[in-house]
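Summary of the model geometry
Each chain is listed here by its residues.
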Amino acid sequence: MSASLSYLERSKLHSNPTAKAFLELMERKKSNLSVAADLNKKAALIELADKVGPYICLLKTHIDVVEDFDQDLVDQLTALAKKHDFMIFEDRKFADIGNTVKLQYGSGIYKIASWSDITNAHMVPGEGIVQGLREVGLPLNRAMLLLAEMSSAGTLAKGDYTVKTVEVARKYKDFVVGFIAMERYADKEGDDFIYMTPGVGLDQTSDGMGQQWKHPREVVFDRGCDVIIVGRGIYGNGRDAAKEAKRYQEAGWNAYVERISK
Ligand code: S5P
């Protein structure tokens, strides 16, 4: 069962190079924290990435909300990823047919595939979406996650939809390395998906707009997920981002150590 193995043990067994490197990085840095950097100014985004960089394994971006986006932003973020040893996850949530997502992933203003180690997609269109993204991402050694569930109240991603999403992931394991999910699913022979969970907060449980925040221990220890994704809990309400990132890193890591020592 991969939930009881360490990230390092899992990295040794993984066949996707990005997943392998990511699991190694988590162990090396003792971090299962991803910061959701939802800021709309380039300078603020860079400042946040530099501040939280020492504590995170993954910087999650929504690059299309940045008002003054340019190639220099990408260059600076990738330089910070090197400096602080983290990976980048553009949370693009692709949701179109294979041919369209191929264009959206590889070209346009953002050229996501050229800089983002990991991206993600909804399964609404069917498995052609994975085929399209895989065509662009696989030659670049990228990886993707499928949104099997969501953190928000009233989400339609549940039940049979979630089950079918997992089936598609198994079919394209060389490129689909995990899920956005609220819990770990039962493993089948050969599975080692990385579970990333948004909707994590230590101090609040809801934002009044459908978001639902859970404690890191509930996510990592009780529900067996691997990566906590935290946005406003770290920089919202004028919080000290570095201080909060350290706090979340410790909470996430302690829950993981507790889980693998069970
Ligand atoms: O189900 C989801 C999936 C994602 S990727 N629910 C989410 O909240 N997210 C993302 O996680 C969302 O787009 C945002 O970037 C982050 C949560 O941010 P927070 O400020 O609520 O912690």
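An unreviewed UniProt entry lists the chain under the name Orotidine 5'-phosphate decarboxylase, with Linnemannia gamsii given as the organism. Comment text from UniProt for the chain, heading Pathway (unreviewed entry), reads "Pyrimidine metabolism; UMP biosynthesis via de novo pathway; UMP from orotate: step 2/2." Listed under Catalytic activity (unreviewed entry) in UniProt, the entry text for the chain is "orotidine 5'-phosphate + H(+) = UMP + CO2".

**Things to note about the nonpolar core**
One finds Leu146, Phe179, Met196 and Ile234 to be the most contacted residues of the largest nonpolar core, which totals 84 residues. Per-element tally for this core: the top contributor is helix α10 (residues 241-260), with 6 residues. Among all residues touching Ile234, those that are not within four sequence positions of it are Leu33, Val35, Val52, Arg239, Asp240, Ala241, Glu244, Ala245 and Tyr248.

**Notes on the layout of surface pockets**
By volume, the largest pocket amounts to about 380 Å³. Along the walls of the largest pocket sit 24 residues, with Lys60, Lys93, Ser151, Pro198 and Gln211 positioned nearest its centre. Those elements that place two or more of their residues in the lining of the largest pocket are β3 (87-94), β8 (227-230) and α9 (232-235). Class assignment of the residues belonging to the lining of the largest pocket gives a composition of 11 nonpolar, 8 polar and 5 charged. Counted as a void, the second largest pocket has a volume near 190 Å³. If you go around the second largest pocket, you meet 13 residues; those closest to its centre are Leu13, His14, Gly190, Asp191 and Asp192.

**So, the UniProt feature "active site" (unreviewed entry) in the chain**
When the UniProt feature table is mapped onto this chain numbering, "active site" (unreviewed entry) sits at Asp91, Lys93 and Asp96. None of the other annotated residues line the largest pocket; only Asp91 and Lys93 do. Position of Asp91 relative to the elements: it lies in strand β3. Taking relative accessible area as the criterion, Asp91 reaches 6% and is therefore assigned buried.

**Some remarks on the pattern of salt bridges**
Applying the stated criterion across every chain yields a total of 26 salt bridges. Asp191 is the partner of Arg170 in a salt bridge, and the nearest nitrogen-oxygen pair spans 2.8 Å. Taken together, the residues span a long stretch of sequence, with Arg170 in helix α7 (residues 160-171) and Asp191 in the loop between β6 (176-180) and β7 (194-197) at a distance of 21 residues. Asp203 is paired through a salt bridge with Arg247; the nearest N and O atoms lie 2.8 Å apart. Here Asp203 is found in the loop between β7 and α8 (216-222), whereas its partner Arg247 is found in helix α10, with 44 residues between them in sequence. Owing to a relative accessible area of 41%, Asp203 belongs among the partly exposed residues under this scheme.

**Section: empty space enclosed by the protein**
Enumeration according to the criterion identifies 1 cavity of 30 Å³ or more in this entry. Around the largest cavity, the lining residues are Gly201, Leu202, Asp203, Gln204, Trp213, Arg232, Gly233, Arg239 and Tyr248. Taken together, the residues that form the lining of the largest cavity break down as 3 nonpolar, 3 polar and 3 charged.

**Section: the site of the ligand**
Neighbouring the ligand are 15 residues; Asp38, Lys60, Ser151, Gln211 and Arg232 lie closest to it. Side-chain polar atom of Lys60 to an oxygen atom of the ligand: 2.7 Å apart, as the coordinates give it. A distance of 2.7 Å is found between a nitrogen atom of the ligand and a side-chain nitrogen or oxygen belonging to Ser151. Relative to its free-state accessible area of 490 Å², the ligand is covered by the protein chains to the extent of 91%. Because more than half of its atoms lie within 2 Å of the grid, the ligand is assigned to the largest pocket. Residue composition of the shell around the ligand, by class: 6 nonpolar, 4 polar and 5 charged.

Cut-offs used in this document
Residues numbered from 1 in each chain as written. Predicted model: local features only at pLDDT ≥ 70, side-chain atom pairs only at ≥ 80, totals over all residues. Heavy atoms only, no water. UniProt positions renumbered as here; feature names shortened; annotations may be inferred. Core = buried A, V, L, I, M, F, W, Y, C linked by side-chain atoms within 4.5 Å. Buried < 20%, exposed > 50% of the residue type's maximum accessible area, 1.4 Å probe, protein only. Helix = DSSP H or I, 4+ residues; strand = E, 2+ residues; numbered from the N terminus. Contact = heavy atoms within 4.5 Å. 1 Å grid on protein atoms, 1.4 Å probe; cavity = no way out; pocket = protein on both sides within 12 Å on 5 of 7 lines; lining within 4 Å. Points joined across faces, edges and corners; volume = space filled by probe spheres on them. Nonpolar A, V, L, I, M, F, W, Y, C, P; charged D, E, K, R; others polar. Salt bridge = Lys/Arg side-chain N within 4 Å of Asp/Glu carboxyl O. Near = heavy atom within 4 Å. Polar contact = N/O pair within 3.5 Å; in protein donor to acceptor, adjacent residues only side chain to side chain. Areas by Shrake-Rupley, 256 points an atom, 1.4 Å probe, with all protein chains shown as cover. Sits in = over half its atoms within 2 Å of the grid points.

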